[in-house]
Amino acid sequence: MLGNVTLFEFLSIGREVAGHRPWPRFQLDLPCWRAFEDRLSAADWVLLTEWAEPNEVHALFRDDQTGDIAVVSHPCVNHRFVGLGKRRPGAIRLERAIHDLYGLAPQGMADQRAWLDHGRWAVKHPLGSPRTYDGGPHAYRFRTAIGDGLHQIPVGPVHAGIIEPGHFRFHAQGETVVRLEERLGYTHKGIEGLVQGKPIDVAARIVARTSGDSTVAYGIAFARAVEAALGVEAPPRAHYLRALMGELERIANHLGDIGAICNDAAFAIMLSHLGVLREKILRANMACFGHRLIMDRVVPGGVACDLTDEHRTILRKTLYEVGKGFRRAMALYEETPSLLDRTTGTGVVAGSLVHRFGAGGFVGRASSRAHDARKVPGYPPYDDLDFEIPVRAEGDVHSRILIRAAEVHESMKLIEQIMMRLPQGPVTAPLPMRAGEGVGIVEGFRGEIAVWVRVSEAGKVVRCHPHDPSWFQWPLLEAAIEGNIVADFPLCNKSFNCSYSGHDL
Amino acid sequence: MIPPISHLFARHLLKGPHTTPAPAPSEDGLAELADEFATQARGRLGRSLAIREVDAGSCNGCELELHAANNPVYDLERFGIKFVASPRHADVLLVTGPVSLNMAEALRRTWEATPAPKWLVALGDCAFDGGCFAGSYAVAGGVSAVLPVDLHIKGCPPTPKDILAGLLALLQHVGGK
Ligand code: SF4
């Protein structure tokens, strides 16, 4: 079967599962799954996420040529499956996590080390067939680099600063990093296990806390997945309000990030200046939506807030002030050679790597991968709004800053349009009691967030998998730091600002 | 051309700082903090506290608000409260998140590395009792499931004002005022 086969054409060899919306789900048996894995070496199909159930693995794919999206499922025989990691390196850690949580072993992978399981839980394979475990913590075999004068620097899991925990193992020659290896999983809270059997509203609260900085985006992704599964559509006004909150979240995070990156280049005034602007946004959030980070305002079926004229005035004023202050800050950034000297040419990620891992967000867009879920597959109200996706090709810290800056401006334009076109009407739709499966794909400030959910007729979540864009960005950080000096690691790390919590689940 | 940084400095000189007045120390916090430690520490620390933050598994929402408490608007440092890089330099360990089992040992070791007299503050609903992550196979529970807590600052996440009020209560308690 050679030639240009589309994803849907290929998957027609499998069995389509009924009740999966808005995109289909196909079940492939062993020979078909093998053929699929093989086909991936030639096809332009992007892996969006991979997850599991006790006896089945699922992978979400998008055909970049046609835009088709589908879930590919494979019921595992003997708790084993052919891993996709050889064709899609982004899958390697996902499959290691699947093995830890569900006991399904990916075959054909060189890296068999546990990932999320550090040997500290009382059970093994907690979400598959749990076995009690009392073997003590695992020793992790870091990869080594061998050579004259090489030394190791272990960092973490507790870091110096107010940041999340993770372990970094550097091999350095003098000041130059030869190899960085990450070990994550420290903040694993068992979110997939926690949401099982929970009512939809309780599960929504938990999923919205997968990564606190993206709480609106996770809220929208979960809500869209549930709405798809139940076959309902949120009212138009709710779509607009969700987008409004999502763009405010994006602006607030980008402001914080740019400030923090400059601070790590010892230019603290950017952090203070942008910190004040970020605070203005958070206060406007509080005034308009009743929560500074806008947690729990997106609910399945719609939103749990509304926008009055008074709120509009607050937002307009805030955005005007923030816009002015932000332009000043960026002028300062671009006119400070000592700062640019630190950010330009530092932590370069090759475009080829970004494409291989399917990394999105500012990490992808700074290295020439223009993908944005608001455009493809697109979701309301963005199809009615006018905005651009900034792209650059350099792939260094500087371009990741400039991409964020451009996105702040685009988000401001979006908010103006949203407030102008905000339709009248209700802000929630009732949720029917129905069983189904659904996927929601949403562009968070970090990149593409995908949530898959299966709900039961009783209105409970049977299974759910939230996917953070960081899964495909963390591995690239290891590549970005290679050949840079150790002292530039904080700078590179901040310019990625991957989520530990979102990744560790 | 006048460089942009001069613009910024000039504006700040003319317009004054962004900093808001301090909130009153938290009443709940003051009540919770009545213990025998204070007398030992009084005078030794004066009105200054060094804090080491440990994320024991949070969703990172609490970290965002801790950063905000350090921004020029709330400016925690003006009260003599500052975040330090090492537990060896700290008087207070401030812990966020439910304690994930993967982080429990690192947290315990950080606490052991902090020299006495020392206090432990649990920040956020998760740190109080595990919050919405309580009951998971991977979570030990709130911070008190692992270490003795002196002060809880609740909220999901607590606002910078709550954080300020809680830490001011601690400061007052330590300073013996
Ligand atoms: S208290 Fe809330 S914001 Fe803080 S870590 Fe827990 S869920 Fe996140």
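Use the structure listed above.
Structure report, in brief. (Residues numbered from 1 in each chain as written. Chains lettered and ligands numbered in written order. Predicted model: local features only at pLDDT ≥ 70, side-chain atom pairs only at ≥ 80, totals over all residues. Heavy atoms only, no water.)

**Quick look at the site of the ligand**
In the vicinity of the ligand, the contacting residues are R209(A), M295(A), S58(B), C59(B), G61(B), C62(B), G124(B), D125(B), C126(B), G155(B), C156(B) and P157(B). Neighbouring residues of the ligand are not confined to one chain but are distributed across chains A and B. Broken down by secondary-structure element, the contributors of at least two residues to the shell around the ligand are α4 (61-69) and α6 (125-129) of chain B. Considered class by class, the residues forming the shell around the ligand number six nonpolar, four polar and two charged. (Near = heavy atom within 4 Å. Helix = DSSP H or I, 4+ residues; strand = E, 2+ residues; numbered from the N terminus. Nonpolar A, V, L, I, M, F, W, Y, C, P; charged D, E, K, R; others polar.)

**Describing the sheet that holds strand β2 (residues 81-83) of chain B**
Residue and element names in this part refer to chain B. An order of β2-β1-β3-β5-β7 is seen for the five strands of this open sheet, with the pairing classed as parallel. Only two strands of the sheet have a single partner each, and these edge strands are β2 and β7 (151-153). Sheet twist, expressed as the average angle between the axes of neighbouring strands with direction ignored, equals 30 degrees. The pairing of strand β1 (residues 49-55) with β2 spans three bridges and is classified as parallel. Residue pairing in the sheet places I51 in a bridge with F83 of β2. (Pairing = 2+ DSSP bridges. Axes fitted to C-alpha atoms, helices over the stretch in contact; angles between N-to-C directions.)

**Brief notes about the interface of chain A and chain B**
A common way to report how large an interface is uses the accessible area buried once the components associate. Between chain A and chain B, the residue contacts involve 50 residues of the former and 51 residues of the latter. Broken down residue by residue, the surface that chain A buries against chain B is led by R120(A), I162(A) and K189(A), which jointly contribute 18%. Remark: the boundary between chain A and chain B carries two salt bridges. As a salt-bridge pair, R292(A) and E65(B) come within 2.5 Å of each other at their nearest N and O atoms. No other element matches the nine residues that helix α8 (residues 268-289) of chain A contributes to the side of chain A that touches chain B. (Contact = heavy atoms within 4.5 Å. Buried area = accessible area lost by both parts, 1.4 Å probe. Salt bridge = Lys/Arg side-chain N within 4 Å of Asp/Glu carboxyl O.)

**A look at the packing of aromatic side chains**
All names here are of chain A. In the structure shown here, the tally under the stated rule is 16 aromatic pairs over all chains. Both rings, one in F168 and one in W474, keep their centres 6.2 Å apart while their planes meet at 40 degrees; by these two values the pair is tilted. Here F168, found in strand β12 (residues 167-173), pairs with W474, found in helix α15 (residues 470-481); they are 306 residues apart in sequence, far enough to count as distant. The class of F168 is buried, set by a relative accessible area of 1%. On the basis of relative accessible area, W474 is assigned to the buried category, the value being 0%. Aromatic pair F168 and F489: ring centres 5.0 Å apart, planes at 65 degrees, arrangement edge-to-face. With F168 in strand β12 and F489 in helix α16 (residues 489-496), this pair connects stretches of sequence that are 321 residues apart. Accessibility expressed as a relative area gives 8% for F489, which makes it buried. (Phe/Tyr/Trp six-rings, centres within 6.5 Å; stacked < 30°, edge-to-face > 60°. Buried < 20%, exposed > 50% of the residue type's maximum accessible area, 1.4 Å probe, protein only.)

**Re α15(A)**
Residue and element names in this part refer to chain A. End to end, α15 covers 16 Å across twelve residues, agreeing with the expected 16 Å (1.5 Å per residue, within 8%). Counting buried positions along α15 gives eleven out of twelve residues, so the element sits mostly inside the fold. Among the residues making up α15, those that are buried are S470, W471, F472, Q473, W474, P475, L476, L477, E478, A480 and I481. Where α15 ends, the next residue or the one after it, G483, has phi of about 85 degrees, a positive value. (Expected span 1.5 Å × (residues − 1).)

**Considerations on the sheet that holds strand β4 (residues 45-53) of chain A**
Residue and element names in this part refer to chain A. With mixed pairing, five strands are arranged side by side in an open sheet as β1-β3-β6-β5-β4. Two strands bound the open sheet, and with one partner strand each, they are β1 (15-17) and β4. For this sheet, the mean inter-axis angle between neighbouring strands, taken without regard to orientation, is 30 degrees. Pairing between strand β3 (residues 25-27) and strand β6 (residues 69-75): three bridges, direction parallel. Within β6, the position partnered with R25 by the bridge is V71. The strands that helix α3 (residues 91-102) touches are β4 and β5 (56-63); relative to β4, the one it contacts most, it runs at about 10 degrees.

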